[in-house]
Amino acid sequence: MTDLRIAIVGFGKIARDQHVGAIAAVPGATLAAVASRNASLPELPHFATIEELLEKGPAIDAVSLCTPPQVRRAQAATALAAGKHVMLEKPPGTGVAELDPLIAMAVDAKCTLFATWHSRHAPAVEPAREWLATRRIKSVHINWKEDVRVWHPGQAWIWEPGGLGVFDPGINALSILTRILPKPVFVTAADLAFPANCQAPIAANLNLTDINGLPITAEFDFRQTGPQSWDIVVETDQGRMTLSGGGRRMAVDGKAIAEAPDQEYCELYRRFVELAATDASDVDLAPLRLVADAFLLGRRTIVEPFVD
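Residues numbered from 1 in each chain as written. Predicted model: local features only at pLDDT ≥ 70, side-chain atom pairs only at ≥ 80, totals over all residues. Heavy atoms only, no water.

Novice: Would you mind going over the side chain of T209 in detail, with residue names and values included?
Specialist: One can find T209 in strand β9 (residues 203-210). With a relative accessible area of 12%, T209 lands in the buried category. A polar contact of 2.8 Å, which involves the side chain of T209, links it to the backbone oxygen of L214. Among residues more than four places away in sequence, those in contact with T209 are P184, V185, F186, T188, L214 and I216. (Helix = DSSP H or I, 4+ residues; strand = E, 2+ residues; numbered from the N terminus. Buried < 20%, exposed > 50% of the residue type's maximum accessible area, 1.4 Å probe, protein only. Polar contact = N/O pair within 3.5 Å; in protein donor to acceptor, adjacent residues only side chain to side chain. Contact = heavy atoms within 4.5 Å.)

Novice: Outline the packing of aromatic side chains, listing residues and values.
Specialist: By the definition in use, this model includes six aromatic pairs. Taken together, the ring pairs connect W159, F222 and F306 into an aromatic cluster. (Phe/Tyr/Trp six-rings, centres within 6.5 Å; stacked < 30°, edge-to-face > 60°.)

Novice: Could you give an account of helix α4 (residues 99-109), with specific residues and numbers?
Specialist: Residues L99, L102 and A106 constitute the buried set of α4. The buried residues of α4 occupy one face: seen down the axis, they fall within an arc of 55°. Along α4, exposed side chains directed more than 90 degrees from the buried face belong to V107 and D108. Contacts from the buried residues of α4 go to α3 (72-81), β5 (85-88), β6 (113-115) and α9 (286-297). Count one or two residues on from α4 and you reach K110, which has phi positive near 55°. (Arc of directions from axis to C-beta.)

Novice: Got a sec to walk through the sheet that holds strand β4 (residues 62-65)? Specific residues and values, please.
Specialist: Strand pairing in a sheet is mediated by backbone hydrogen bonds. Such pairs are either parallel or antiparallel. With respect to topology, six strands assemble into an open sheet ordered β3-β2-β1-β4-β5-β6, the strand pairing being parallel. Strand pairing shows two members of the sheet lacking a second neighbour, β3 (46-47) and β6, which therefore form its edges. Across three bridges, β5 lies against β6 in parallel orientation. Bridging across to β6, L88 finds its partner in A115. Running at roughly 155° to β5, helix α8 (residues 264-277) makes contact with β1 (4-9), β2 (29-35), β4, β5 and β6 of the sheet. (Pairing = 2+ DSSP bridges. Axes fitted to C-alpha atoms, helices over the stretch in contact; angles between N-to-C directions.)

Novice: Residue-level account of the environment of V26, with values.
Specialist: Secondary-structure assignment places V26 in the loop between α1 (13-25) and β2. Residue class for V26 comes out buried when judged on its relative accessible area of 4%. The spatial distance from the C-alpha of V26 to the C-alpha of A48 is 26 Å, given a sequence separation of 22 residues.

Novice: Please give an account of the layout of surface pockets that cites residues and values.
Specialist: Unfilled space is identified by rolling a water-sized probe across the atoms. By volume, the largest pocket amounts to about 1200 Å³. Surrounding the largest pocket, 45 residues form its lining, K13, I14, C66, Q155 and W157 being those nearest its centre. Within the residue set of the lining of the largest pocket, elements represented by two or more residues are α1, α2 (50-56), α3, α7 (167-180) and α8. At five residues, α1 tops the list of elements feeding residues into the lining of the largest pocket. By residue class, the composition of the lining of the largest pocket is 16 nonpolar, 16 polar and 13 charged. By volume, the second largest pocket amounts to about 400 Å³. Listing elements by their share of the lining of the second largest pocket, those giving two or more residues are β6, α7, β8 (185-195), α8 and α9. In terms of residue count, the dominant contributor to the lining of the second largest pocket is α9 (four residues). Along the lines of polarity and charge, the residues of the lining of the second largest pocket split into 10 nonpolar, three polar and nine charged. (1 Å grid on protein atoms, 1.4 Å probe; cavity = no way out; pocket = protein on both sides within 12 Å on 5 of 7 lines; lining within 4 Å. Points joined across faces, edges and corners; volume = space filled by probe spheres on them. Nonpolar A, V, L, I, M, F, W, Y, C, P; charged D, E, K, R; others polar.)

Novice: For the state of the cysteines, give the residues involved together with the corresponding values.
Specialist: Summed over the entire model, instances satisfying the criterion amount to zero disulfides. With no disulfide of its own, C266 lies 14 Å from the sulfur of C66, the closest cysteine sulfur. Owing to a relative accessible area of 11%, C266 belongs among the buried residues under this scheme. (Disulfide = S-S within 2.5 Å.)

Novice: Report on the pattern of salt bridges, specifying residues and quantitative values.
Specialist: Applying the stated criterion across every chain, the model contains 16 salt bridges. We note a salt bridge from K13 to D17, for which the minimum N-O separation is 2.8 Å. Of the two residues, K13 and D17 both sit in helix α1, four residues apart, roughly one turn of that helix. On the basis of relative accessibility, which here comes to 47%, the residue D17 falls in the partly exposed class. (Salt bridge = Lys/Arg side-chain N within 4 Å of Asp/Glu carboxyl O.)

Bear in mind that shape data such as this cannot, by itself, settle questions of function.
Quick look at the structure:
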């Protein structure tokens, strides 16, 4: 079996920090080219656009779209039309409905469409899901707060329509939530704080529940300085389960149960290679639907302007 030849489209911070190393570390995957307006790797063929890549580039089997979400739909459609497998960074798009045509295109083209949720592959997420499956869950609280200037420096797209603002990291928490809980959840109320000069929120508080009325609350904030918070706390009839470090550590009543180094993006590419081998797709839109509903239900307040 030959390696899956992958081109990265969009070579910003996340591509450099995570995707390049993950592709190199995963058997069956190889990085064949880069398409980006502003960045390249010296040892690889480089193209300004996905169209130029597909027309003039080396033979590839797949593209990994690491561009801002506002342009991913059109790029994914272009790649699928050319018979290439497609991996989408999170969020998979700027809206929910725009993914439906891509799903249909992938089926028609017999290609893989993979909407990734990297935080679901954090090492403590599956142990948490398995532990919760045999407990009665009483409540859930998400505390997901980070410094946007550290994690998204100079990324103006995140403040534009479709950029999601604080939900860009917040959707990671929602992707874990929808994986570890046994029943589907939905948003019942939201408070969204928009900087006066931005089109996306800098902070959000959500209330969610499931069909049985489980109380779930979430706090997201892009203004945290100092130590960062990526925690989910679940109260059960058999103790308090805490996922911390973005899903890297699990503890029950303070006792460590699971912890391991970060392999999230390696796991994503292992899954991509596996899917592409059978032309299968994996597109779970549950986290994106929750964000969309937060915007639909959200009460908006205007806060001080954001200056990067």
